[in-house]
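# Structural overview for review
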Amino acid sequence: MATSKLFSPLSIRDMTLKNRVVVAPMHQYSAVDGLPNDWHLMNAGRFAAGGAGLVIIESTKVERRGCGTVGDLGLWRDDQAEAFRRITSFIRSCGSVPAIQLGHSGRKARSERPWEGGRPLLENPGIADWEDWQPIGPSAVGDSPAAIPRPLAREEIPHVIDAWGRAAARADAAGFDMVEIHAAHGFLIHQFLSPKANQRNDDYGGSDTNRMRFAVEVVEAVRANFPANKPVFMRFSAADGAGWEIENSVALAKLVKEKGVDVIDCSSGGIQGAVNTAAIDYGYQVPYAEKIRSEAEIMTMAVGLIVKAHQAEAILQAGQADLIALARELLHNPNWALQAALDLGIDQPFDLVPDQARWWLEKRAQVTRKLTPPDASVR
Ligand SMILES: Cc1cc2nc3c(=O)[nH]c(=O)nc-3n(C[C@H](O)[C@H](O)[C@H](O)COP(=O)(O)O)c2cc1C
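Values in this document were obtained by computation on a predicted structure and should not be read as measured data. (Residues numbered from 1 in each chain as written. Predicted model: local features only at pLDDT ≥ 70, side-chain atom pairs only at ≥ 80, totals over all residues. Heavy atoms only, no water.)

It is worth spelling out the overall build of the chain at this point. Within the chain, the regular secondary structure consists of 11 helices and 13 strands. Taken against the 2.2 N^0.38 rule, which gives 21 Å for 379 residues, the C-alpha radius of gyration of the chain at 21 Å falls within 12% of a compact globule. Of all intrachain contacts in the chain linking residues separated by at least 6 positions in sequence, the fraction that spans at least 24 positions is 71%. As displayed, the chain has an accessible area near 16,100 Å², and 52% of this comes from carbon and sulfur atoms. One finds the centroid of the 41 positive side-chain charges in the chain at a distance of 3 Å from the centroid of its 46 negative side-chain charges. (Helix = DSSP H or I, 4+ residues; strand = E, 2+ residues; numbered from the N terminus. Rg over C-alpha atoms; globule rule 2.2 N^0.38 Å. Contact = heavy atoms within 4.5 Å. Areas by Shrake-Rupley, 256 points an atom, 1.4 Å probe, with all protein chains shown as cover. Lys, Arg positive; Asp, Glu negative; His and termini not counted. Charge placed at Lys NZ, Arg CZ, Asp CG, Glu CD.)

So, in structure tokens, the structure goes:
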């Protein structure tokens, strides 16, 4: 099939992707002191070697106090940027493009890992810089009533915004070709956007324009510190069921597009209760990507229970999105892109994977395409 959109290249600024299969950011909760280690190399590496065009490293924090858990990655120090270099060069060596999501947990900081329960840490379990890890937020409104953040003073806000800019510069130095600003899932930027979490009465709260000010200034800081030839994506909770609706996201998309954001990654939920991963149907967030794409006239990425090649292809063919991101399906099969290429009948599917696998898989296919596949009775 020569006309597949999923397997056609895409260029955004100077970044060229070999296909539209994107590894969505997936937190590993496995860093020590914000530093990536062998786990992160292996994890990003298996997706890059599996044929995805773009690998987005998980939400990596721009400030120490922005860490959600003890295992969060960080880019608030230069040694952290240095430690990412072998990951970016490995991803690139597989023919994929390295990208990173920048985030700040705000009031959701200082929590247990999900598999430990995900609750706010209310007492110090022995962390040396516990006091530096105080959750902050736009207002003293907690995600949980047990964990009320310290509201940021007006004069502190520019410093937090600067931290995004510095982290973006480090992401560039580490070799990332794209940064994604995490403005979704109830984390700090989303907290400012939300009329529930943001009850400020200065120029960062109140009206829609004021609540969007923090997000827009983060974009300005990132753009000022990240090369103009490299794209910037932004992840939205396109609708959160708690006062932020798709129309608000369309308005914000128009604003940030003017400031140099290239793609909106369309997720949902997270400001009240869990992120909407307990979804009701396959492709449940695709309508958000479609609406933002058509009304804000900006490229979008669809994510959320996209699991089959033909499903992904149909989303792109219908003009609902420009890119397809997958998370849990890639945990199930890191070679999903290769499988999708086979399912769609793409020419030279094994060119997607590095020579170490490509050569053998091509040879095997020359033999097996003449055979009848074994049925369940064959041992
Ligand atoms: C293990 C795991 C970690 C995640 N970490 C992040 C993250 O760091 N940043 C983010 O924006 N979303 C994160 N997500 C959400 C995914 O990027 C994705 O939006 C969501 O899982 C829905 O896509 P899926 O149905 O393909 O899994 C995570 C999801 C999983 C399963």
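All right, on to the packing of aromatic side chains then. Taken as a whole and judged by the stated rule, the model has 6 aromatic pairs. Ring centres 6.4 Å apart and planes at 90° place the aromatic pair Trp-130 and Trp-133 in the edge-to-face group. The pair formed by Trp-130 and Trp-133 is uniform in burial state, with each residue classed as buried. With a centroid separation of 6.3 Å and an interplanar angle of 75°, the aromatic rings of Phe-192 and Tyr-204 are classed as edge-to-face. (Phe/Tyr/Trp six-rings, centres within 6.5 Å; stacked < 30°, edge-to-face > 60°. Buried < 20%, exposed > 50% of the residue type's maximum accessible area, 1.4 Å probe, protein only.)

Turning our attention to the site of the ligand. Every one of the 17 residues lining the ligand counts as a neighbour, but His-27, Gln-101, Leu-305, Ala-327 and Arg-328 are closest to it. A distance of 2.9 Å separates an oxygen atom of the ligand from a polar backbone atom of Ala-327. In isolation the ligand has 610 Å² of accessible area, and contact with the protein removes 86% of it. When its residues are assigned to classes, the shell around the ligand shows 7 nonpolar, 7 polar and 3 charged. (Near = heavy atom within 4 Å. Polar contact = N/O pair within 3.5 Å; in protein donor to acceptor, adjacent residues only side chain to side chain. Nonpolar A, V, L, I, M, F, W, Y, C, P; charged D, E, K, R; others polar.)

According to the stated counting rule, one finds 26 salt bridges in the structure shown. Of the charged contacts, one joins Asp-202 and Arg-200 as a salt bridge, the two residues approaching to 2.7 Å between their closest N and O atoms. In this structure Asp-202 comes out as partly exposed when scored by relative accessible area, which is 21%. Since its relative accessible area comes to 11%, Arg-200 is described here as buried. What you see here is one network of salt bridges that share partners, running through Arg-92, Asp-172, Asp-177 and Lys-230. (Salt bridge = Lys/Arg side-chain N within 4 Å of Asp/Glu carboxyl O.)

The next point concerns the pairing of strand β11 (residues 263-267). Within β11, 5 of the 5 residues are buried, which leaves it mostly tucked inside the rest of the structure. When strand β10 (residues 232-237) meets β11, the two strands line up parallel, connected through 5 bridges. Bridge pairing links Phe-233 to Val-263 in β11. The β-α-β motif built from β10, the intervening helix α6 (residues 246-258) and the parallel element β11 has right-handed crossover chirality. Where β11 and strand β12 (residues 299-303) come together, 4 bridges link them in parallel fashion. Counterpart to Asp-265 in the pairing with β12 is Met-301. (Pairing = 2+ DSSP bridges. Right-handed = clockwise from strand over helix to strand, strands pointing away.)

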